[in-house]
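# Examining the three-dimensional arrangement
The primary structure of each chain is shown beneath.
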Amino acid sequence: MADTHVLFVEDDDVIREATQLALERDGFLVTAVPDGLLGLESFRARQPDIALLDVMVPGLDGVSLCRRIRDESTVPVIMLSARADSIDVVLGLEAGADDYVTKPFDGAVLVARIRAVLRRFGHASGAAGGAAEASEAVEGGVLRFGDLEVDTEGMEVRKAGAPVSLTPTEMRLLLEFSAAPGTVLSRDRLLERVWDYGWGGDTRVVDVHVQRLRGKIGQDRIETVRGFGYKLRG
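Residues numbered from 1 in each chain as written. Predicted model: local features only at pLDDT ≥ 70, side-chain atom pairs only at ≥ 80, totals over all residues. Heavy atoms only, no water.

### A look at the nonpolar core
Note the cut-off: Nine residue types can take part in a nonpolar core, namely buried Ala, Val, Leu, Ile, Met, Phe, Trp, Tyr and Cys, and a core is a set of them joined through side-chain atoms within 4.5 Å. We call a residue buried when its accessible area falls under 20% of the maximum for its residue type, exposed when it is over 50%, and partly exposed in between, using a 1.4 Å probe and counting protein chains only. Only DSSP runs of H or I with at least four residues qualify as helices, and only runs of E with at least two residues qualify as strands; both kinds are numbered from the N terminus onward. Contact between two residues is taken to exist if any of their heavy atoms lie within 4.5 Å; hydrogens are not considered.
Within the largest apolar cluster, 49 residues are counted, with the highest numbers of intra-cluster contacts made by Leu53, Met79 and Phe177. The greatest single-element share of this core, amounting to 6 residues, is contributed by helix H9 (residues 204–217). The residues contacting Phe177, other than those within four sequence positions of it, are Leu185, Leu190, Val210, Leu213, Ile222, Tyr230, Lys231 and Leu232. Formed by 17 residues, the second largest nonpolar core is a distinct cluster that contains Phe8, Leu23, Leu110 and Val117.

### Examining the pattern of salt bridges
For the record, the criterion: By definition here, a salt bridge exists when the distance from a side-chain nitrogen of Lys or Arg to a carboxyl oxygen of Asp or Glu is within 4 Å.
Using the criterion set out here, one finds 21 salt bridges in the structure. Across the salt bridge formed by Glu10 and Lys103, the nearest N and O atoms sit 2.9 Å from each other. On the criterion of sequence distance, the pair formed by Glu10 in the loop between strand S1 (5–9) and helix H1 (13–25) and Lys103 in the loop between strand S5 (99–102) and helix H5 (107–122) is long-range, its members being 93 residues apart. Looking at Lys103, the relative accessible area reads 16%, which means it is buried. For Lys216, the salt bridge goes to Glu170, with nearest N and O atoms at 2.7 Å. With Lys216 in helix H9 and Glu170 in helix H7 (residues 168–179), this pair connects stretches of sequence that are 46 residues apart. Residue Glu170 is classed as buried on the basis of its relative accessible area, which comes to 1%. One continuous salt-bridge network, built from bridges that share partners, spans Arg144, Glu149, Glu156 and Arg158.

### What about the environment of Glu156?
Residue placement: Glu156 occurs in strand S8 (residues 156–159). We classify Glu156 as partly exposed; its relative accessible area is 44%. Sequence separation between Glu156 and Met171 is 15 residues, and the spatial gap between their C-alpha atoms is 8.5 Å.

### Details of the pairing of S8
Stated formally: The criterion for strand pairing is that DSSP finds at least two bridges linking the strands in question.
As judged from the 4 bridges shared by strand S7 (residues 148–151) and S8, these two strands associate in the antiparallel manner. Across the sheet, Glu149 pairs through a bridge with Arg158, a residue of S8. Counting the residues between successive antiparallel strands, the hairpin from S7 to S8 contains 4 residues, one of them, Met155, with a positive phi of roughly 55°. Where S8 and strand S9 (residues 162–164) come together, 3 bridges link them in antiparallel fashion. Within S9, the position partnered with Lys159 by the bridge is Ala162.

### Some thoughts on unusual backbone geometry
For the bond running from Lys103 to Pro104, omega is -5°, close enough to zero to count as cis. Among the structural elements, Pro104 can be located in the loop between S5 and H5. Despite not being glycine, Gln47 shows a phi value in the positive range, around 50°. One can find Gln47 in the loop between helix H2 (36–46) and strand S3 (50–54).

Here it is as structure tokens:
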């Protein structure tokens, strides 16, 4: 992790400095700024490997900053929110964030979540073991579901022949579904396989990402099985 560059946007001086020190002790290179406008400027100038954005920062709030980053990049984003039940959590996820951490947080927990996000971004095909096996009988590793094509080797997706741009998290989610079309996948399983959670996490993360994925590959392609989870229609 010594070469991993973290952009940290937090307006509370104590939290910003303490978190920066904790991350640097774990080997991260950290650029810490107190507001969203400086965060956007730093993001464009430094091209970090991951961004940690507090929801409530001046200048440009964290949700708006996340949208601006997502317009330009698929770099992983973790939102920091003071309330687990806040609508800001959902807004951040809808804006394109990959995960969130509730404040106050333990430094070790934050580091673990950062590493989990970086693992799945660095190995986008890692969640596709089942998909790779299922694709052995498919030429070139391309799985087809109606007008949807999932290239499990080239990590590309096409709908009706047109390329579909997915974030790494969305790609891993689609690969999980593609590995078992027609099979209902629970939210807990998806949290474990896609988000690398070894414990029960917030299922809103799954629900919002499924909605984002539906918006890109077709609303009817992923079916909700009430009380159980989701499945990909073959």
